[in-house]
Amino acid sequence: MGKYGLTTNTMTDRVYNRIDNEMFKWSYIRKILQAYHEELQKALLRGERVLIPGVGTLIPEIKTKEKFNMPCCNKEEGNLPYMDIRLSRNTKFRASMTRRLLENIKNGIYGLEKLPLKEEQLDYLKEKGFVPKNAKLPDEEE
């Protein structure tokens, strides 16, 4: 998985290589995923909430800021509204993510497989006694 996250091709490979996939061609899976992504994007552009089962809901929000904390960002004529997307995670999914993180920390793995803790986060955990004082993050491979 590259710096852009999980791509359509990577997801297609994962679905295609699943043990329970005995009938779908790679190209069919990719077309279905592309259609799903297009419909998801259209729904968000219309302002619809999008439920991703087992994960949570993507919620488009209109943001208006009278003032930004950085004065150089503020326009004299006022700041234009902008769009944002919030993820409201499924409660069970949130709990399972937290459980996985805590199990990893207990086993000396500081973060998730593709999301290590930041140095500041590890320092906080050391300070509060959640991890040993000599705990270290693995060297970055990229």
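The present account deals with the structure reproduced in this document.

Analysis parameters
- Residues numbered from 1 in each chain as written.
- Predicted model: local features only at pLDDT ≥ 70, side-chain atom pairs only at ≥ 80, totals over all residues.
- Heavy atoms only, no water.
- 1 Å grid on protein atoms, 1.4 Å probe; cavity = no way out; pocket = protein on both sides within 12 Å on 5 of 7 lines; lining within 4 Å.
- Points joined across faces, edges and corners; volume = space filled by probe spheres on them.
- Helix = DSSP H or I, 4+ residues; strand = E, 2+ residues; numbered from the N terminus.
- Nonpolar A, V, L, I, M, F, W, Y, C, P; charged D, E, K, R; others polar.
- Pairing = 2+ DSSP bridges.
- Axes fitted to C-alpha atoms, helices over the stretch in contact; angles between N-to-C directions.
- Buried < 20%, exposed > 50% of the residue type's maximum accessible area, 1.4 Å probe, protein only.
- Core = buried A, V, L, I, M, F, W, Y, C linked by side-chain atoms within 4.5 Å.
- Contact = heavy atoms within 4.5 Å.
- Arc of directions from axis to C-beta.

1. Comments concerning the layout of surface pockets
Link 1 in the chain: Volume-wise, the largest pocket comes out at about 1000 Å³.
Link 2 in the chain: Around the largest pocket, the lining is made up of 26 residues, and of these L6, M11, R14, V55 and F93 lie nearest the centre.
Link 3 in the chain: Residue assignment for the lining of the largest pocket shows that the elements contributing at least two residues are α1 (8-16), α2 (26-45) and α3 (91-106).
Link 4 in the chain: Per-element accounting of the lining of the largest pocket gives the leading share, five residues, to α3.
Link 5 in the chain: Residues belonging to the lining of the largest pocket are distributed by class as follows: 16 nonpolar, six polar and four charged.

2. Here's the deal with the sheet that holds strand β1 (residues 50-52)
Link 1 in the chain: With antiparallel pairing, three strands are arranged side by side in an open sheet as β1-β2-β3. The sheet terminates laterally at β1 and β3 (82-89), the two strands that pair on one side only. Taking each pair of neighbouring strands and ignoring which way they run, the sheet shows an average axis angle of 25°.
Link 2 in the chain: As paired elements, β1 and strand β2 (residues 56-63) share three bridges and run antiparallel to each other. Within the sheet, the bridge partner assigned to L51 lies in β2 and is T57.

3. Comments concerning the environment of M97
Link 1 in the chain: Looking at the element boundaries, M97 is found in helix α3.
Link 2 in the chain: A relative accessible area of 30% means that M97 is categorised as partly exposed.
Link 3 in the chain: Along the primary structure M97 and N17 are separated by 80 residues, whereas in three dimensions their C-alpha atoms are 24 Å apart.

4. Thoughts on the pairing of β2
Regular strands show a simple pattern: their side chains alternate between the two faces of the sheet.
Link 1 in the chain: For β2, the buried fraction is high: six of the eight residues fall into the buried class.
Link 2 in the chain: Once β1 ends, the chain turns through three residues before running back antiparallel as β2, passing G54 with a positive phi of about 80°.
Link 3 in the chain: Summarising the sheet, β2 and β3 pair through eight bridges and their orientation is antiparallel. Note on β3: the bridge partner recorded for K63 is Y82.

5. Quick look at the nonpolar core
Link 1 in the chain: Listed in full, the seven residues of the largest apolar core are I105, Y110, L117, L122, L125, V131 and A135.
Link 2 in the chain: Setting aside chain neighbours within four positions, we find L117 in contact with Y110, G111, L122, L125 and L137.
Link 3 in the chain: Counting five residues, the second-largest nonpolar core is a separate cluster that includes L40, A43, V50 and L58.

6. Details of helix α4 (residues 119-127)
Link 1 in the chain: Looking at α4, one finds that the buried residues are L122, L125 and K126. Taken end-on, α4 shows its buried residues confined to a sector of 100°, consistent with a single buried face. Structural note: α4 exposes E120 and E127 on the side pointing more than 90 degrees away from its buried face.
Link 2 in the chain: Check the buried side of α4 and you find it contacts α3.

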